[in-house]
Amino acid sequence: MPETPLLEIRDLSINFATENGTVEAVKGISFTVAKGETLAVVGESGSGKSVTGLALTRLLPEPPTIYKSGEILLEGRSVLKMSPRELRNIRGNKIAYIFQEPSTSLNPVFTIRNQIAEAIKLHRPEVRDIDAEVIKYLDLVGLVDPAKRLHDYPHQLSGGMQQRVMIAMALSCQPDLLVADEPTTALDVTIQAQIMDQLRDLKKQVNMSIILITHNFGIISGIADRVAVMFRGKIVEYGDTRTVLSNPQHPYTKALIQCIPQPGQKRERLATIDHAALEATI
Amino acid sequence: MEALFTHWLTQNLLVLAGFSLIAWMLWSASHHERWRRAWLRFRSDRGGIIALVVVGIYLILGALEVLSFPTKSGGTRTVLDLFVGGVPAEKSYSAPLATRLLSEAKPDPVKATHLLGTDALGKDVFVETLKACKTALIIGGLTAAIYIPLGTLFGILAGYFRRRVDDLIQYVYTTLASIPTILLLVAIILVLGKGLGTMSFALGLTAWVGLCRLIRGETLRQAERPYITAARALGQSHWNIITRHILPNVLHLVVINFVLGFSGIVLAESVLSYLGVGTPVGTPSWGNMIDSGRSELSRDPMVWWNLVSATVALFGLVLSLNLVGDSLRRAFDPKRG
């Protein structure tokens, strides 16, 4: 009998009931994430990738969100059938998040020590020396001189440092799965590379699964084991990262890969995606 | 019940309880990182410190007028009376520092010099002004104790949970707000009977609407911010999110609303006194003094000291409260320093 995967999504459909009718945000997607595996979910804005990420612990406001069909299985247990209390238990503890905007994802009125300490107190009440634990995780995510930074407020840190604090906060709960929703989009390019390197290192050190949600094919190689390409709420291509990157099958995937600027390339107009043509193919 | 409440011992205990509450709040705040930092910033704000001292003087004056002890003759005297009780009463008006009464027919010499003159009943205006401090503080304090928890709690609940909870709370406050405030105040006071307590209750019942609206709006805004999603993603309970994340982010509005609303409450007291449903006659209050000052302005010669001293006292309290509130807000703003 094969081992139960950490996370299994089966035929998940998510609708938003708005005043102007129903919006189908996610249409029957399926994928699995094994322990220690990294899955990249790639797609453009509005393709349903962030909705999928938030749906994993039912963070979307209900209503208007309707889980129309399908299953979300976390270690074989159905997330869609969990009580609010059970959901709170898996949030942070099993699945932790990093969001796109580090500057607004931290509470402006608390020091970073207090925010991380809060996560530790909530999920690991057995920890005695909280300051030491906070410093340990800030060190782990590569924040320079964490002991001095403990009593800083979020606005006193740079964007890259704030994102490191967010990662430390997520890791301090010791989750099995980290959902990184566009973790580098709000950062400038050099910091993007640093954060991605950091995630790559952490993956080796902590052995947790990662779902990396991004619109940028350029950042996933070297970190993602598998990739799911989403377009209009559907997964149009799903497979091994190397295979998908070297031999993309779906026209949308091909188009996305063409959008990555190549170093040394002649200065030409970057490829764009012809949506009308793609509509016809799906 | 009434007799027990007005007993001098109960009153003394209440004052002690109030001051212990303030002391306890300061003590627990001094153990809190955020408040300690705010204090460090507040300390360097000279205007704020001066205003805080002025508010403190008002508080002490109010407390002195409540703290009392029994006398040999069976009545009670307040501590403030010990200091100013010796000032004799005149027969009628006398101007500030005048040597004779303000009466054309019988300008008798006054028994003592009155710093701010005397009123129609011959009472020393300065002493009355000091005594009225108590009334203002009791009404402001009691009203705030009612409307601030109500407004904050319902505002956050409505803004955070939305939908049915929001509908219900909005329904309640729009209904309350649709009744003309004065009419509602008078109705409540007439039903429950006159007195400082019922007046505060009535004011509190109408004042929470504004705060509730403000807090609801701000909570709606804050609840949309990613850090609330981040807190939920960490598995925080609703209670934790409300008390640890939303409340601290709307608390400055509560503080500002309180200090700005305080003047409105003291003003409402004088309006109600004018309508005859406010502070009982005989209880010194700035509202009563300002109210009687209106007709005295048209006398010849004009009697202005009554009105001016009550207004200046009211102005001093409101201004210093505003300055303290402003400095507090700046001290709590983490973007500064």
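Remember, it's a predicted structure, so these values are computed and weren't measured experimentally.

If you tally the helices and strands in chain B, you get 13 helices and two strands. For chain B, the C-alpha atoms occupy an extent of roughly 80 × 45 × 40 Å along the three principal directions. Among the 337 residues that make up chain B, the fraction classed as buried is 36%. Across chain B, every contact between residues at least 6 apart in sequence was considered, and the portion connecting residues at least 24 apart equals 62%.

Now for the interface of chain B and chain A. Facing 18 residues of chain B, the contacting portion of chain A comprises 24 residues. The set of elements that each furnish at least two residues to the side of chain B that touches chain A consists of helix 3 (33–43), helix 10 (226–233) and helix 11 (238–274) of chain B. Counting residues per element, the side of chain B that touches chain A draws most heavily on helix 10 of chain B, at six residues. Tallied by class, the residues present in the side of chain B that touches chain A amount to seven nonpolar, six polar and five charged.

All names here are of chain A. Here strand 6 (residues 95–98) shows no split at all, with Ile-95 and Tyr-97 on one side and Ala-96 and Ile-98 on the other all buried. With four bridges joining them, strand 6 and strand 7 (residues 177–181) adopt parallel strand pairing. Counterpart to Tyr-97 in the pairing with strand 7 is Val-179.

Position of Gly-62 of chain B relative to the elements: it lies in helix 4 (residues 46–66). Remark: the alpha-carbon pair of Gly-62 of chain B and Thr-135 of chain B, spanning 73 residues in sequence, is separated by 7.8 Å.

Moving on, we come to the environment of Thr-71 of chain B. Secondary-structure assignment places Thr-71 of chain B in the loop between strand 1 (68–70) and strand 2 (76–78). When the C-alpha atoms of Thr-71 of chain B and Pro-248 of chain B are compared, they prove to be 48 Å apart, with 177 residues separating the residues in sequence.

Right, let's talk about helix 9 (residues 196–224) of chain B for a bit. The end-to-end C-alpha separation of helix 9 of chain B is 41 Å, in line with the 42 Å expected for 29 residues at 1.5 Å each. Within helix 9 of chain B, the axis deviates most sharply at Ala-207 of chain B, by approximately 30°.

Unusually for a residue other than glycine, Asp-145 of chain A sits at a positive phi of about 50°. Of note, Asp-145 of chain A is situated in the loop between helix 5 (130–140) and helix 6 (146–149). For Asp-145 of chain A, a count of 10 C-beta atoms within 10 Å corresponds to the exposed category. Although it is not a glycine, Arg-162 of chain B sits at a positive phi angle of roughly 55°. Positionally, Arg-162 of chain B belongs in the loop between helix 6 (125–161) and helix 7 (163–178). In this structure Arg-162 of chain B comes out as partly exposed when scored by C-beta crowding, with 15 C-beta atoms within 10 Å.

Definitions and limits used
Residues numbered from 1 in each chain as written. Chains lettered and ligands numbered in written order. Predicted model: local features only at pLDDT ≥ 70, side-chain atom pairs only at ≥ 80, totals over all residues. Helix = DSSP H or I, 4+ residues; strand = E, 2+ residues; numbered from the N terminus. Buried ≥ 20, exposed ≤ 12 C-beta atoms within 10 Å, placed from the backbone. Contact = placed C-beta atoms within 7 Å. Nonpolar A, V, L, I, M, F, W, Y, C, P; charged D, E, K, R; others polar. Pairing = 2+ DSSP bridges. Expected span 1.5 Å × (residues − 1). Bend = angle between axes of the 7 residues up to and from the residue.

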